[in-house]
Amino acid sequence: MSMPQLIAGEDPGTYRVNRPFTEAQLLHLAKMMARKRLSKGTSLNRPEQVHQCLQTLMLDYPHEVFGILCLDSQHRLIAFDELFRGTIDSASVYPREVVKHALHHNAAAVILVHNHPSGDPEPSDADRRITQRLKEALGLMEIRTLDHVVVGHEGFVSLAERGWL
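Residues numbered from 1 in each chain as written. Predicted model: local features only at pLDDT ≥ 70, side-chain atom pairs only at ≥ 80, totals over all residues. Heavy atoms only, no water.

(A) The arrangement of unusual backbone geometry in detail. Residue Asn106 is not a glycine yet carries a positive backbone phi of 55 degrees. With respect to the helices and strands, the residue Asn106 is situated in the loop between helix H3 (95–104) and strand E5 (109–115). On the basis of relative accessible area, Asn106 is assigned to the exposed category, the value being 64%. Unusually for a residue other than glycine, Glu142 sits at a positive phi of about 60 degrees. (Helix = DSSP H or I, 4+ residues; strand = E, 2+ residues; numbered from the N terminus. Buried < 20%, exposed > 50% of the residue type's maximum accessible area, 1.4 Å probe, protein only.)

(B) Local environment of the environment of Ser90. Structurally, the position occupied by Ser90 is in the loop between strand E4 (77–85) and H3. Each C-alpha atom, one on Ser90 and one on Phe80, is 20 Å from the other, the two residues being ten residues apart in sequence.

(C) Looking closely at the pairing of E5. The element E5 is extensively covered by neighbouring structure, given that seven of its seven residues are classed as buried. Taking every second residue as pointing to the same face, both faces of E5 are buried, with Ala109, Ile111, Val113 and Asn115 on one and Val110, Leu112 and His114 on the other. As paired strands, strand E3 (residues 65–71) and E5 are joined by six bridges and run antiparallel to one another. Considered in E5, the bridge of Ile68 is made with Leu112. As paired elements, E5 and strand E6 (residues 144–152) share seven bridges and run parallel to each other. (Pairing = 2+ DSSP bridges.)

(D) Region of interest: the packing of H3 against helix H4 (residues 125–140). H4 packs onto H3 with a crossing angle of 45 degrees between their chain directions and a minimal axis gap of 10 Å. On the basis of the axis angle, H3 is oblique to H4. Regarding H3 and H4, the two cross each other, and that crossing is right-handed. For the pair H3 and H4, contact is made by Pro95, Val98, Val99 and Ala102 and by Ile130, Arg133, Leu134, Ala137 and Leu138, respectively. (Axes fitted to C-alpha atoms, helices over the stretch in contact; angles between N-to-C directions. Parallel < 35°, antiparallel > 145°, perpendicular 65-115°, else oblique. Left-handed = near helix turned anticlockwise from the far one by under 90°. Contact = heavy atoms within 4.5 Å.)

(E) Highlighting H4. Here H4 contains 16 residues, and its C-alpha end-to-end distance of 23 Å stays within 8% of the 22 Å for a straight helix at 1.5 Å per residue. Packed against the buried residues of H4 are E3, H3, E5 and E6. Positioned one or two residues after H4, Glu142 has a phi angle of 60 degrees, which is positive. (Expected span 1.5 Å × (residues − 1).)

(F) Quick look at the side chain of Ser158. For Ser158, the location among the structural elements is in strand E7 (residues 155–158). Engagement of the side chain of Ser158 in a polar contact is seen with the backbone nitrogen of Glu161, the distance being 3.0 Å. Among all residues touching Ser158, those that are not within four sequence positions of it are Pro47, Asp147 and His148. (Polar contact = N/O pair within 3.5 Å; in protein donor to acceptor, adjacent residues only side chain to side chain.)

On their own, these measurements won't tell you what the molecule is for.
So this is what it looks like as structure tokens:
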């Protein structure tokens with residue numbers, strides 16, 4: 001069965017579909033829209049913007065995934081990549097690889113992101129520690145760490161908004 005076609009609705013940001021669709025197709029459409037919102041050049045200035053896109057992209061992972069948003073000096077998106085996959089409650093994150101990735105994309109700044117498959121986005125002590133290690137490592141290369149956003153089914157937590165960055 002082919003994907004349903006999205007038809008723009010009368011109100012901005014609303015859509016209609018041309019025929020009935022399954023839950024899997026709906027999730028696929030939502031992920032396509034989230035990827036579109038995270039296209040190269042998108043300006044990311046608020047944690048809510050990051051959460052809205054990434055919660056959809058990371059919603060159905062049964063394991064932790066750690067990713068990085070590489071940004072230019074105007075905080076426009078250069079690239080979003082998932083760097084590490086882990087288990088149901090942890091992921092090994094290697095600062096050297098994060099720095100290499102940011103340098104590869106010539107990033108001036110980054111936003112770190114990972115999911116909590118449990119649904120509770122509350123950062124752990126390990127999340128806070130790796131955030132500090134990454135901030136220090138990236139800082140040596142003059143790459144600013146703007147935030148670390150933890151997403152879950154129950155919402156998101158911005159470490160920057162909590163004053164932990």
